[in-house]
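Coordinates in review
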Amino acid sequence: MSIFKSMNITSSALTSQRLRMDVISSNIANVDTTRAKLVDGQWEPYRRKTVTLSANEGSFSNFLNKARGKNEVGDGVKVSKINDDKDTPFKLVYDPTHPDANEEGYVEMPNVDLLKEMVDLISATRSYEANITVFNANKSMLTKALEIGK
Amino acid sequence: MAINSISLMTPTQLTNDTNKLSNPATPYEAGQKFASFLNDAIKSVNDQQIQSDALTEKLINGQDVDLHEVMIASQKASITLNATMEVRNKVIDAYQEIMRMSI
């Protein structure tokens, strides 16, 4: 139904911000995890995860109208991928008593940066709030429309 | 803003209007049309309420459903219900206006 289109778009945005929140929670929870994946009999620490969002062009009619040169509003946003952060190296911590320490006594720790995660956390929270504001504005617009002629 | 005079109506509009007048529906047909229109509208409102209920139940049962989806569904249901109330009020107003007619 087209009167609820912007509500559906907001809903998709809220869902993806919730997923970002889930990923950040996982990153912060695993800040000290040294055994996340077994690679060739060796434990590898947890790798920081990030979310990639993409515009949801979704339906067939959207593509058709685009091909006809009409610009259409898409169906909001969707999560295209949850990536592993392979660029940031693992942190090396000297702790010879650790069971996962190597011969020199160093332990590989996850490449999670708490500071970065906190910034992402605030960003996700604020985006969520912004979308709620959009929803409320949209609702008050519809409610105002019902007052036409009163 | 300039106010357009009636003569500026396009020819198609004029013919369409005369077609409508020359081919009136019988009172029975009109009644049926109105009934089915009202029925459809109320059905769609009811669908929104049912969807909202289903989502709420899912949330309470601890199934995989987001809180904001439940809230949005309930808001949609509330807006469609309000719209129905507006239409109902208008219909009842019209009915009462006719019943007040002195014969």
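In this text the structure is predicted, and so the values were computed from the model without any measurement. (Residues numbered from 1 in each chain as written. Chains lettered and ligands numbered in written order. Predicted model: local features only at pLDDT ≥ 70, side-chain atom pairs only at ≥ 80, totals over all residues. Heavy atoms only, no water.)

A short note on the overall build of chain A
Inclusion rule: Only DSSP runs of H or I with at least four residues qualify as helices, and only runs of E with at least two residues qualify as strands; both kinds are numbered from the N terminus onward. Computation of the radius of gyration draws on C-alpha atoms alone. For the globule rule, the value is 2.2 Å times the number of residues to the power 0.38. Burial classification: accessible surface area is computed with a 1.4 Å probe over protein chains only, and a residue below 20% of its type maximum counts as buried, one above 50% as exposed, and the rest as partly exposed. Contact between two residues is taken to exist if any of their heavy atoms lie within 4.5 Å; hydrogens are not considered.
A tally of regular secondary structure across chain A gives three helices and six strands. Secondary structure elements of chain A occur, N-terminal to C-terminal, as α-β-β-β-α-β-β-β-α. Relative to a compact globule of 150 residues, whose C-alpha radius of gyration would be 15 Å, chain A shows 22 Å and is clearly more extended. Looking at the 150 residues of chain A, the share that counts as buried comes to 25%. Considering only contacts in chain A between residues 6 or more positions apart, those separated by 24 or more positions represent 64%.

Details of the environment of Ala 73 of chain B
All names here are of chain B. With respect to the secondary-structure elements, Ala 73 resides in helix H3 (residues 67–99). Sequence separation between Ala 73 and Asp 53 is 20 residues; the distance between their C-alpha atoms is 8.7 Å. In this structure, Ala 73 is in contact with Ser 52 and Leu 55, ignoring residues within four places of it in sequence.

Some remarks on the nonpolar core
Among soluble globular proteins, nonpolar side chains are generally buried collectively. Heads up, the condition is: For the purposes of this section, nonpolar cores are sets of buried Ala, Val, Leu, Ile, Met, Phe, Trp, Tyr and Cys residues that join through side-chain atoms within 4.5 Å.
Listed in full, the seven residues of the largest apolar core are Phe 4, Met 7, Leu 14, Phe 135 and Leu 142 of chain A together with Ile 72 and Ile 79 of chain B. Listing elements by their share of this core, those giving two or more residues are helix H1 (5–29) and helix H3 (114–146) of chain A together with H3 of chain B. If we skip the residues at most four places from it in the chain, Phe 4 of chain A touches Leu 142 of chain A together with Gln 48, Lys 76, Ile 79 and Thr 80 of chain B.

Notes on a nonpolar patch on the surface
In plain terms, the rule: Exposure above 30% relative accessible area and the absence of a salt bridge qualify a residue for a patch, where like charges join within 9 Å and nonpolar side chains (Val, Leu, Ile, Met, Phe, Trp, Tyr) within 5 Å. With residues, only the protein chains shown are counted as cover, and all accessible areas are computed by Shrake-Rupley using a 1.4 Å probe. Within this document, salt bridges are pairs made up of a side-chain nitrogen of Lys or Arg and a carboxyl oxygen of Asp or Glu, the two lying within 4 Å of each other.
Residues Phe 34, Phe 37, Val 87 and Val 91 of chain B make up a contiguous nonpolar surface patch of roughly 340 Å² in combined accessible area. Relative to the assigned elements, Phe 37 of chain B resides in helix H2 (residues 27–60).

Details of the packing of aromatic side chains
Residue and element names in this part refer to chain A. Test applied: Under the pairing criterion, centres of Phe, Tyr and Trp rings, with the six-membered ring standing for Trp, must be within 6.5 Å; the plane angle then separates stacked pairs below 30 degrees from edge-to-face pairs above 60, leaving the rest tilted.
Tallied over the full model, the rule gives one aromatic pair over all chains. Ring geometry for Tyr 94 versus Tyr 106: centroids 5.3 Å apart, planes at 65°, classification edge-to-face. Taken as a pair, Tyr 94 in strand E5 (residues 91–94) and Tyr 106 in strand E6 (residues 106–109) lie far apart in primary sequence, 12 residues in all. Look at Tyr 94 and you get exposed, because its relative accessible area is 54%. Residue classification places Tyr 106 among the partly exposed positions, given a relative accessible area of 36%.

Focus on the interface of chain B and chain A
Often the size quoted for an interface is simply the accessible area lost on bringing the parts together. We count it as follows: Buried area: the sum, over both parts, of the accessible surface (1.4 Å probe) that disappears when the two are put together. Polar contact criterion, stated in full: a pair of N or O atoms within 3.5 Å, where within protein one must be able to donate a hydrogen and the other to accept it, and residues adjacent in sequence count only if both atoms are side-chain atoms. Just so you know the grouping, Ala, Val, Leu, Ile, Met, Phe, Trp, Tyr, Cys and Pro go in nonpolar, Asp, Glu, Lys and Arg go in charged, and all remaining residues, Gly too, go in polar.
The interface is formed by 13 residues belonging to chain B together with 14 residues belonging to chain A. Counting the surface lost from both chain B and chain A, the interface buries some 1300 Å², and carbon and sulfur atoms represent 67% of this. Taken together, the links from chain B to chain A amount to four residue pairs in polar contact (both at pLDDT 80 or more). The dominant element in the side of chain B that touches chain A, judged by the number of residues it contributes, is H3 of chain B, at 11 residues. Classifying every residue of the side of chain B that touches chain A gives three nonpolar, six polar and four charged.

Details of H3 of chain A
So the rule is basically this: Given the number of residues in a helix, its expected span is that number minus one, multiplied by 1.5 Å.
End to end, H3 of chain A covers 48 Å across 33 residues, agreeing with the expected 48 Å (1.5 Å per residue, within 8%). By the burial criterion, the buried members of H3 of chain A are Glu 117, Ala 124, Asn 131, Phe 135, Asn 138 and Leu 142 of chain A. In this structure, the buried residues of H3 of chain A make contact with H1 of chain A together with H3 of chain B.

Topic: the pattern of salt bridges
All names here are of chain B. Tallied over the entire structure, the rule returns 10 salt bridges over all chains. For Arg 100, the salt bridge is made with Glu 97, and the minimal N-O distance between the two is 3.3 Å. The pair formed by Arg 100 and Glu 97 is uniform in burial state, with each residue classed as exposed.

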